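Listed below are the residues making up each chain.
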Amino acid sequence: MHAAEPGSTIDEGNMAMNTMTTGAWAKCRNRTMFAALVLTFIARGAAQQPAELIIRNGLVVTAAGRTDSDLRIRNGTIAEIGRNLTASSGARVIDAKGMLVLPGGVDPHVHLTPTPTATTLKGADDYSTASRAALAGGKTTISNFINQSANSDVQTTLAEATDLVKKQAIADVILHFTASDPNTLSPADVAMLADRRFTLKIFLVRPAFDQNAGGYVKLIRAAGAAGLLTMLHCEDASIVTATQERMMAEGRGALKGQNFAESRPVVAEEIATQRAVGISEATGAPIYIVHISSERAMRAAEVGQARGLPVFTEVRFLYLHLTRERFDEPDGAIYTGDPPLREKSDADYLWSALAKGTVNVVDTDHVGYTREDKLDPSLDIINHRPAGNYLQVQLPLLYSEGVRKGRITVEQMVAVSSTNPAKLFGLYPRKGTIAVGSDADVVIWDPDLKRTIRNEDQLANARFSIFSGWEVTGWPVITIRRGEVVYQDGKILATAGSGQLAPRQRWQKP
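Small disclaimer: the values here were computed from a predicted structure and weren't measured.

Colleague: Which residues make up the overall build of the chain, and what are the values?
Modeller: When helices and strands are tallied, the chain shows 16 helices and 18 strands. Against the 2.2 N^0.38 benchmark of 24 Å for 510 residues, the chain shows a C-alpha radius of gyration of 24 Å, consistent with a compact globule. Intrachain contacts of the chain at a sequence separation of at least 6 include 75% that bridge at least 24 residues. With the model as given, the accessible surface of the chain reaches about 20400 Å², and the carbon-plus-sulfur share is 50%. Counting 55 positive and 55 negative side-chain charges, the chain places the centres of these two groups 4 Å from one another.

Colleague: Quick rundown of the pattern of salt bridges? Include the residues and the values.
Modeller: Side chains carrying opposite charge are able to pair once their charged atoms draw close together. In the structure shown here, the tally under the stated rule is 35 salt bridges. For arginine 385, the salt bridge goes to aspartate 376, with nearest N and O atoms at 3.4 Å. Taking the relative accessible area as the measure of exposure, arginine 385 reaches 16% and is therefore buried. For lysine 405, the salt bridge is made with glutamate 401, and the minimal N-O distance between the two is 2.9 Å. Residue classification places lysine 405 among the exposed positions, given a relative accessible area of 53%.

Colleague: Go over the environment of alanine 225 with me, naming the residues and quoting the values.
Modeller: Looking at the element boundaries, alanine 225 is found in helix 7 (residues 213-225). In the structure, alanine 225 is positioned 61 residues away from proline 286 in sequence and 9.4 Å away in space, judged by C-alpha atoms.

Colleague: A description of the sheet that holds strand 9 (residues 172-178) should follow, citing residues and the corresponding values.
Modeller: An order of 7-8-9-10-11-12-13-14 is seen for the eight strands of this open sheet, with the pairing classed as parallel. This sheet does not close on itself; its edge strands, each paired only once, are strand 7 (105-106) and strand 14 (361-363). In terms of strand pairing, strand 9 meets strand 10 (residues 199-203) through three bridges, oriented parallel. Directly across from histidine 176, in strand 10, lies its bridge partner threonine 199.

Colleague: An account of the nonpolar core is needed here, citing residue identities and associated values.
Modeller: The biggest cluster of nonpolar side chains holds 109 residues, and the ones touching the most others in it are Ile142, Leu200, Ile202, Leu354, Met413, Ile466 and Phe467. With six residues, the single largest contributor to this core is helix 3 (residues 127-136). When sequence neighbours within four positions are dropped, the list of residues in contact with isoleucine 142 reads Asp107, Val110, Leu112, Tyr127, Ala130, Ser131, Ala134, Ala171, Asp172, Val173, Ile174 and Leu391.

Colleague: Explain the confidence of the model for the chain residue by residue, including any values.
Modeller: Averaged over the chain, the pLDDT score is 91; the fraction of residues at 70 or greater is 90%. Within the chain, no element has a lower average pLDDT than helix 1 (residues 9-27), which sits at 33, and none a higher one than strand 7, at 99. In the predicted structure, residues 1-49 sits below a pLDDT of 50 and forms 42 contacts with residues beyond four places in sequence or in another chain.

Colleague: Mind laying out the environment of valine 442, listing which residues take part and the relevant values?
Modeller: Mapped onto the fold, valine 442 is located in strand 15 (residues 442-452). Sequence separation between valine 442 and isoleucine 94 is 348 residues, and the spatial gap between their C-alpha atoms is 12 Å. Ignoring any residue separated from it by four or fewer positions in sequence, one finds valine 442 in contact with Ile55, Leu71, Ile73, Val101, Leu102, Gly104, Ile478, Thr479 and Ile480.

About the thresholds
- The residue numbers shown here count from 1 along each chain, following its written sequence.
- Given that this is a predicted model, residues contribute local features only at a pLDDT of at least 70 and side-chain atom pairs are listed and counted only at 80 or more, while totals for whole chains, interfaces and linings are drawn from all residues.
- Hydrogens and water molecules were not included; the side-chain quantities draw on all heavy atoms of the structure.
- Each helix is a run of H or I in the DSSP string that is no shorter than four residues. Each strand is a run of E no shorter than two, and both are numbered from the N terminus.
- It is over C-alpha atoms that the radius of gyration is taken, and the globule rule equals 2.2 Å times the number of residues to the power 0.38.
- What makes two residues a contact is simply this: any of their non-hydrogen atoms within 4.5 Å.
- In this description, accessible areas are obtained by the Shrake-Rupley approach with a 1.4 Å probe, and a residue is regarded as covered only by the protein chains that are shown.
- Under this rule, positive means Lys or Arg and negative means Asp or Glu; His and the chain ends count for nothing.
- For this purpose, a charge sits on NZ of Lys, CZ of Arg, CG of Asp or CD of Glu.
- Every case where a carboxyl oxygen of Asp or Glu lies within 4 Å of a side-chain nitrogen of Lys or Arg is listed as a salt bridge.
- Exposure is judged per residue with a 1.4 Å probe applied to protein chains only, and the accessible area is read against the type maximum: over 50% gives exposed, under 20% gives buried, and values in between give partly exposed.
- Here, strands pair whenever DSSP counts at least two bridges between them.
- In this text, buried Ala, Val, Leu, Ile, Met, Phe, Trp, Tyr and Cys residues form a nonpolar core when linked through side-chain atoms within 4.5 Å.
- What pLDDT expresses is the predictor's confidence in each residue, scored from 0 to 100.

Here it is in structure tokens:
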């Protein structure tokens, strides 16, 4: 694959720079004068960047199908799709022969720490470091969950979060609001969240849910009436808490062997998922069940879907690729996540649900823990660090293990990693597809590129991957965000602050 720039002002500018460098240095009396000339040239060069980008000869894939087409990108959006498009003067042309041209990935489940403190763990990612990993992995839109502090109202919390995105992000971003106490959110707060299209997140696994169950049901109903989607972490708090306390008393609290898997039994996930489906039916509100890990929980969600309820499902990609025997490894604690890894039969069922379309989204639940963070010997089955560094490898693994092995089609991969999350989180059709008028969030994907995942290649702060050593076929080689090439040849080409808080509208059914 190569990029050609016939008639490009960039090429002409490079020649001019070389000439100016030699001649101007001889004439300038000091380095300051020369630096001024260089800065003048750079400013002129920036103004001469091509306003048009043509992607030629690629196989354009959306959730609806595939076609051999060229793309014309202007002013950050897709202006034309067709065959043999003629490039205007000064356009950059990328030859994508033999490549897939995919819409940028949308990851609605990412946990970041944009304001680190003295106690922040070493691997924690802000919007910039997470963006680097995401863009290298073919994702152009990421997310974060924000929490309201005791000293801030909702409006201040949202304003502060938005400001951090503007300063740090390279990828585009959507935000979710964690509702830790339903009684602190007024109708005006819910209206504000709806107006700004922030998603709600609620944890059924926290004891506070049962303590405030009535308030949470009312909040979910109000959110649904206002057009908000509510994300639910479905594990039953009472079962998880009682199981963990019993195991700790029995001396089985260490993160070794099958202790962690047993501390969060599948029945806790199944019951909480059934409860979530019931809440959706009772309130009429749309719900999004995060990181489903098991066949039993998936079947519970499918029951709601079959009844026509607005129940939408997310599978955390780990559950497709890894199973619970990983916990028996000497460093098994690096695989901890809530819920835990399950049986092979669970993974097989999730793949089948993905193929038949009852899984709506596959994403990461990324958290930037280092290997040392995960293996901290002070941790146990109650106090542990779930999830890990996943943004950079999730889509390549889905392609390599899913598409290439015939478990899903590339169209289905696009649906669950881009189109469906864009619809559910109010981004479609601006994002999540390749269409005239959509944002030019485009990934040029080499379906035959074979790489081994290595710790040293990871761009997020953790600098390690639990998939290190895996050979993966199919990788993004160029990532374009709103018409700008932001990743190419293993390098991030854009700066912090170039990302945006993506405008959102009402959620749509996938």
